[in-house]
Amino acid sequence: MRYSLVSRFKGSVLGAILGENIALRGKGSQNEILHWSQISILTAESLITLGKFDANDWRDRQRKEGVQLKNDVLKILATLPVAFFFHEDLIKLRHNLLLAAELWQDNPMVRDGMLAVGYALAQSLMEKLIPRTLIPQIISFLGETPTNLPQELLKVNHFLESGTGLARVQTELNRADKPSYAIAMAFYCFLSSGEDFRLSVLRASQNGNVCQSISALTGALSGAYNSTIGIPVIWQVLLEQEQANSYHMLQLVDALVAVWSGVYDLATSFSEFRQEKCAIGQGFSTTQAIAAPRVIRLR
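In this report, we go over the structure that sits alongside the text. (Residues numbered from 1 in each chain as written. Predicted model: local features only at pLDDT ≥ 70, side-chain atom pairs only at ≥ 80, totals over all residues. Heavy atoms only, no water.)

**Quick look at helix α8 (residues 131-142)**
Where we set the bar: Numbering goes from the N terminus for both helices and strands, where a helix is a DSSP run of H or I of at least four residues and a strand is a run of E of at least two. Every helix has an expected span of 1.5 Å times one less than the residues it contains. Exposure categories follow from relative accessible area, calculated using a 1.4 Å probe and restricted to protein chains: below 20% of the type maximum is buried, above 50% is exposed, and the middle band is partly exposed. The reported arc concerns the directions from the helix axis to the C-beta atoms and nothing else. The contact criterion used is simple: two residues touch if any of their non-hydrogen atoms lie within 4.5 Å.
With 12 residues, α8 extends 17 Å between its outermost C-alpha atoms, agreeing within 8% with the 16 Å of an ideal straight helix rising 1.5 Å per residue. Taken together, the buried positions of α8 are occupied by Leu134, Ile135, Ile138, Phe141 and Leu142. Viewed end-on, α8 has its buried residues packed into an arc of 125°, placing them on one side of the element. Relative to its buried face, α8 has exposed residues pointing more than 90 degrees away, namely Arg132 and Ser140. The elements touched by buried residues of α8 are α6 (90-102), α7 (108-125), α9 (149-162) and α11 (178-191). Following α8 by one or two positions, glycine 143 has its phi on the positive side, about 75°.

Here it is, written out as structure tokens:
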């Protein structure tokens, strides 16, 4: 593999947080960041504890913590761990993302956004993502839908093929439907500069009052594709200094990969694991999984 699976998982999480931070820098409130990351943590904890996705358990955890999320696009980020956990099986991926979508009142646009982003993440994680064919594959994965997302993604595909610039894309896409606009712009910003995480996120942050959603989604997509290695080190250092909540999320990624791989069961010791904290400036902790050669297998 070009990059390790753990590095891609963490790249996606870091990318989403960094993208949103950059878009909101100097704009005040961090409430939505707190809420989607809290729900994402609850999602990961449920998967780690149960070894599967249980929509009822996930809902109960959200109710217990009292967290809510109104931004439809950021709801996609709350289910990143589901996309990670089932990335190698597209049938299971689709099934579990649809279960997650039901908890958001089965909003068609949220559902389609989860499927589109989940499919793209799966292709990156399996190192099968081909930029020129990704959007047609996503549209096929979505299937029949009442939303306008397939049409907006087709426009993005045309813009990418013709080399259309950012300013024109912003005017050509349908801004009236903010969720579909945000998702389509995120795919444009990612695919138009796929190998450059920094450029993708900075371009995504230049989108007015919806830049938070676009930049966060772009960061998640680009982070999975380029892994942590492709994210500027100085940005990662600043994140360590500014947002301690990111430590817990990245610790959970280690545990999520361990449970996904089937190497051992963390459920019995998870209460102790979740209490571990990283000291600021000492980097992120890593859970090591060691086995004899050719023993570790995908599920």
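Anyway, onward from the coordinates.
**Focus: empty space enclosed by the protein**
Quick note on the threshold: Lining residues are defined by having an atom within 4 Å of a point belonging to a cavity or pocket. Those points lie on a 1 Å grid over the protein atoms alone, cavities being sets where a 1.4 Å probe fits but cannot get out and pockets being open sets with protein on both sides within 12 Å along at least five of seven lines. Grid points are joined across faces, edges and corners, and a volume is the space filled by probe spheres set on the points.
Here the structure, examined in full by the defined rule, presents 2 cavities of 30 Å³ or more. Roughly 70 Å³ of internal volume is contained in the largest cavity. Surrounding the largest cavity, Val13, Ser40, Ile41, Ala44, Pro81, Phe84, Met249, Leu252, Val253 and Leu256 form its lining. Of all elements in the fold, only α2 (31-50), α5 (80-85) and α15 (245-261) reach the threshold of two or more residues within the lining of the largest cavity. At 4 residues, the largest contribution of residues to the lining of the largest cavity is made by α15.

**A few points about the side chain of threonine 79**
Rule in force here: Here a polar contact is taken to be a pair of N or O atoms separated by no more than 3.5 Å, where protein atoms must pair a possible hydrogen donor with a possible acceptor and residues adjacent in sequence count only if both atoms sit in side chains.
Along the chain, the position of threonine 79 falls in the loop between α4 (74-78) and α5. Within the local environment of threonine 79, its side chain forms a polar contact with the backbone oxygen of isoleucine 76, the two atoms lying 2.9 Å apart. The residues touching threonine 79, leaving out its near neighbours within four places in the chain, are Trp58, Leu97, Ala100, Trp104 and Met114.

**Remarks on the nonpolar core**
For clarity, the threshold we go by: Put simply, a nonpolar core is a bunch of buried Ala, Val, Leu, Ile, Met, Phe, Trp, Tyr and Cys residues held in one set by side-chain atoms that sit within 4.5 Å of each other.
Of all hydrophobic cores here, the largest spans 95 residues; its most connected members are Leu77, Leu134, Ile138, Met185 and Phe187. The contact partners of methionine 185, leaving out residues within four places of it in the chain, are Leu166, Val169, Gln170, Leu173, Asn207 and Ile214.

**Some points on the packing of α6 against α7**
The condition is simple: Orientation is described by lines fitted to C-alpha atoms, with helices fitted over the stretch in contact, and by angles between N-to-C directions that extend from 0 to 180 degrees. Crossing handedness: left-handed means the near helix sits turned counterclockwise from the far one by under a right angle, and right-handed means the same turn made clockwise. Think of it as three bins: nonpolar holds Ala, Val, Leu, Ile, Met, Phe, Trp, Tyr, Cys and Pro, charged holds Asp, Glu, Lys and Arg, and polar takes everything else, Gly as well.
Interaxial distance between α6 and α7 falls to 10 Å at its minimum, and their mutual angle equals 150°. In this structure, the crossing between α6 and α7 has a hand that is right-handed. Between α6 and α7, the contacting residues are Leu90, Leu93, Arg94, Leu97, Leu98, Ala100 and Ala101 on the first element and Arg111, Met114, Leu115, Gly118, Tyr119, Ala122 and Gln123 on the second. Classifying every residue of the contact of α6 with α7 gives 10 nonpolar, 2 polar and 2 charged.

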